[in-house]
Amino acid sequence: MKHTAVVGINWGDEGKGRMVDLLTEDYDIVVRYQGGGNAGHTVVNEKGKFALHLLPSGIFRPGVVNILGNGVALDPENLWNEIETLREKGVPVTPENLKISDRAPLLLPWHRQQDALEEARLADKKYGSTKQGIAPFYSDKYQKKTVMAGELADPEKLRARLRGILAWKNLTLTRVYGAEAVTEEELDEWLARYGEAIRPFVCDTGEILREADRAGRRILFEAQLGALRDLDYGIFPYTTSSNTLAAYAPVGAGLPSLRVDEVIGVVKAYSTCVGEGPFTAEMNGEEADRLREAGVEYGAKTGRPRRVGPLDLVATRYGVSLQGATGLAVTKLDVLSYMDRIPVCTHYLLDGEKTDRFPFPARLEEAAPVIRYVDGWGCDISGVRRFEDLPQAAREYIEMIEQAADCPVGYISVGPERESIIRRAH
Ligand code: GDP
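A brief look at the structure comes next. Quantities reported herein were computed from a predicted structural model and do not represent experimental measurements.

Scoring rules and cut-offs
Residues numbered from 1 in each chain as written. Predicted model: local features only at pLDDT ≥ 70, side-chain atom pairs only at ≥ 80, totals over all residues. Heavy atoms only, no water. Helix = DSSP H or I, 4+ residues; strand = E, 2+ residues; numbered from the N terminus. Rg over C-alpha atoms; globule rule 2.2 N^0.38 Å. Contact = heavy atoms within 4.5 Å. Areas by Shrake-Rupley, 256 points an atom, 1.4 Å probe, with all protein chains shown as cover. Lys, Arg positive; Asp, Glu negative; His and termini not counted. Charge placed at Lys NZ, Arg CZ, Asp CG, Glu CD. Pairing = 2+ DSSP bridges. Near = heavy atom within 4 Å. Polar contact = N/O pair within 3.5 Å; in protein donor to acceptor, adjacent residues only side chain to side chain. Nonpolar A, V, L, I, M, F, W, Y, C, P; charged D, E, K, R; others polar. Buried < 20%, exposed > 50% of the residue type's maximum accessible area, 1.4 Å probe, protein only. Axes fitted to C-alpha atoms, helices over the stretch in contact; angles between N-to-C directions. Parallel < 35°, antiparallel > 145°, perpendicular 65-115°, else oblique. Left-handed = near helix turned anticlockwise from the far one by under 90°. Patch = residues over 30% accessible without salt bridge, like charges linked within 9 Å, V, L, I, M, F, W, Y side chains within 5 Å. Salt bridge = Lys/Arg side-chain N within 4 Å of Asp/Glu carboxyl O. Core = buried A, V, L, I, M, F, W, Y, C linked by side-chain atoms within 4.5 Å. Expected span 1.5 Å × (residues − 1).

1. Side note on the overall build of the protein chain
Line of reasoning, step 1. The helix and strand tally for the protein chain stands at 11 helices and 18 strands.
Line of reasoning, step 2. In terms of C-alpha radius of gyration, the protein chain reaches 22 Å, essentially the compact-globule figure of 22 Å for 426 residues.
Line of reasoning, step 3. By its C-alpha atoms, the protein chain is 65 × 50 × 40 Å across when sized along the principal axes.
Line of reasoning, step 4. Long-range pairs, those at least 24 residues apart, make up 76% of the contacts in the protein chain between residues at least 6 apart in sequence.
Line of reasoning, step 5. Accessible surface computed for the protein chain: about 17800 Å², of which carbon and sulfur atoms make up 48%.
Line of reasoning, step 6. For the protein chain, the distance from the average site of its 53 positive side-chain charges to the average site of its 63 negative ones is 2 Å.

Here it is, written out as structure tokens:
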């Protein structure tokens, strides 16, 4: 029996959603264990194209139980809207296939408001927040100034608790930011609408995971964003506010003692980065526009054009070690087919020296990329399904990643569709 985590190796948007969607057929349970609705997985399947923000990607598979663990930023409003969108497209979302941890703290309406107010205050020094309230939410979680989803079971008690928190939060909204206070009526209305809507899904997910583990069922942990966005080990302060690493999966899922047997690190065949912060190998101008167009690199949540760059072996090696990846999935290899020669960032230059170590975050701005060009393959590879059938240059590209990261590549994705995948046995 194997429990597996599917995690991002780089800055996020590596195509984890697509990998989880593919792998869910072998698992009974899919768990989101961190993050919130601030990023988006894009999944393409027979029901259409979906941008998932909070729901686990297993939601499309009949029989799969999907769990939102205690580590996520549970935004009842966004979650409910997402559930309704899926239902409208014929995807059933019920308390049978979606379970929300009773220990998941609630992202409250003022978190989004506070996020936007702070980004506006920062003006040109902003972090590039998606304004989904994630940073204020996690700060408040650590300050114990929110409530857990399980508290929805007792609306009277919950309302009293939240009114106390609201009075405290209004001090920040009005006195720090000079914004309007949130009224108790607004809070009550929000609770009646969204709190009630998600209440039937709330349960003790730790118990479900424990039972599943005992019964030999397989659990898949699905991460949001990538290793370089991890709060503790990423490019702080341009990280997210949660832990994106596989090591956090059992804690954020609801069963801290569970062992993750396999960690699949998802690496994109080139680099993308959303928002602000150092991005050492960033491409600019026409070269960047061409890659962005070829890979359709626009944010799933915001529609913002993503910053693009070549594959960064320094960052990738670091991400693989942070994740403890036991195998890799390389996505979007097909996107590079138009290039005659493919740039790859092999090292950084720091203090006049070539290094393959990923620098301390505060020193990243001083690093410059060392770029090497490798051969392109010059043909469409989207129909290839076996590694041996890839052109030699494409095989060498994959082997270069394996060597640099010291980790085997088990999957190569050559298109967004479920079946556009090359599986390799090692
Ligand atoms: P995630 O958050 O890590 O799942 O990343 P995104 O939501 O940014 O997903 C990556 C995007 O690339 C989605 O639009 C996918 O449909 C698409 N995609 C995933 N894998 C491939 C691939 O191998 N080739 C191509 N051309 N597109 C892909």
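2. Regarding the sheet that holds strand β9 (residues 262-268)
Line of reasoning, step 1. Pairing is mixed in the open sheet, where 10 strands are placed in the order β7-β6-β5-β2-β8-β1-β9-β13-β17-β18. The two strands at the open ends of the sheet, each matched to only one other strand, are β7 (202-203) and β18 (421-423).
Line of reasoning, step 2. Here three bridges tie strand β17 (residues 409-413) to β18, and the two strands are oriented antiparallel to one another. By the bridge assignment for β18, I412 is matched with I422.

3. Section: the site of the ligand
Line of reasoning, step 1. Lining the immediate environment of the ligand, one finds 18 residues, of which G15, K16, G17, D334 and S413 sit closest.
Line of reasoning, step 2. Separating an oxygen atom of the ligand from a backbone N or O atom of K332 is a distance of 2.9 Å.
Line of reasoning, step 3. Interatomic distance of 2.4 Å between a side-chain N/O atom of S413 and an oxygen atom of the ligand.
Line of reasoning, step 4. Starting from 590 Å² of accessible surface for the ligand in isolation, the protein chains cover 91%.
Line of reasoning, step 5. For the shell around the ligand, a count of residues per class yields four nonpolar, seven polar and seven charged.

4. Here we look at the pairing of strand β1 (residues 4-8)
Line of reasoning, step 1. Burial within β1 is extensive, with five of its five residues counted as buried.
Line of reasoning, step 2. Along β1, one buried face is formed by T4, V6 and G8 and the opposite face, lined by A5 and V7, is buried too.
Line of reasoning, step 3. The sheet contact formed by β1 and β9 spans five bridges and is parallel. Along β9, the bridge assignment pairs G8 with V266.
Line of reasoning, step 4. The pairing of β1 with strand β8 (residues 219-226) spans four bridges and is parallel. Residue pairing in the sheet places A5 in a bridge with F221 of β8.

5. Details of the packing of helix α3 (residues 109-122) against helix α4 (residues 134-143)
When two helices pack together, you describe them by how their axes are tilted relative to each other and by the distance separating the axes.
Line of reasoning, step 1. Axis separation between α3 and α4 bottoms out at 7 Å; the angle between their running directions is 120°. Taken as axis vectors, α3 and α4 run oblique relative to one another. The two elements α3 and α4 meet at a crossing, and its hand is right-handed. Judged by residue contacts, W110, H111, Q114 and D115 of α3 engage I134, P136, F137 and D140 from α4.
Line of reasoning, step 2. Here the residues of the contact of α3 with α4 are counted per class, giving four nonpolar, two polar and two charged.

6. Focus on the pairing of β8
Line of reasoning, step 1. Burial analysis of β8 places eight of its eight residues in the buried class, the great majority of the element.
Line of reasoning, step 2. Sheet analysis places strand β2 (residues 29-32) next to β8, joined by four bridges and oriented parallel. Bridging from a neighbouring strand, V31 pairs with F221 of β8.

7. Focus on a negative patch on the surface
Line of reasoning, step 1. Taken together, E180, E185, E186 and E189 make up a surface patch of like negative charges.
Line of reasoning, step 2. For E180, the position within the fold is in the loop between α5 (155-176) and α6 (184-198).

8. Looking at the packing of α5 against α6
Line of reasoning, step 1. At a closest axis distance of 11 Å, the pairing of α5 and α6 adopts a crossing angle of 135°. Classified by the interaxial angle, the pair formed by α5 and α6 is oblique. Seen from above, α5 lies across α6 with right-handed handedness. Here P155, L158, R159, L162, R163 and L166 of α5 lie close against α6, whose contacting residues are E184, L187, D188, L191 and E196.
Line of reasoning, step 2. Of the residues in the contact of α5 with α6, the class split is six nonpolar, no polar and five charged.

9. Topic: the nonpolar core
Line of reasoning, step 1. Among the nonpolar cores identified, the biggest contains 58 residues, and L328, L333 and Y397 are the most heavily contacted of them.
Line of reasoning, step 2. The element contributing the most residues to this core is helix α11 (residues 392-405), with eight residues.
Line of reasoning, step 3. Once residues lying within four places of it in the same chain are set aside, the contact partners of Y397 are A269, L311, L333, L336, I342, V344, V374 and W377.
Line of reasoning, step 4. With 39 residues, the next largest nonpolar core counts I100, L108, Y194 and V202 among its residues.

10. So, α3
Line of reasoning, step 1. In this model, α3 (14 residues) spans 21 Å end to end at C-alpha, consistent with the 20 Å of a helix rising 1.5 Å per residue.
Line of reasoning, step 2. Buried residues of α3: W110, H111, R112, Q114, D115, E119 and L122, and no others.
Line of reasoning, step 3. Along its buried surface, α3 packs onto α2 (76-88), α4, α5 and α6.
Line of reasoning, step 4. Of the residues trailing α3, A123 is marked for its positive phi of about 45°.

11. Section: the side chain of R61
Line of reasoning, step 1. Inspection of the secondary structure assignment puts R61 in the loop between β4 (48-52) and β5 (65-68).
Line of reasoning, step 2. Using a relative accessible area of 13% as the deciding quantity, one classes R61 as buried.
Line of reasoning, step 3. Each residue touching R61, except ones within four places of it in the same chain, is listed here: D21, L22, T24, E25 and R418.

Function cannot be inferred from these measures alone, as they are strictly geometric.
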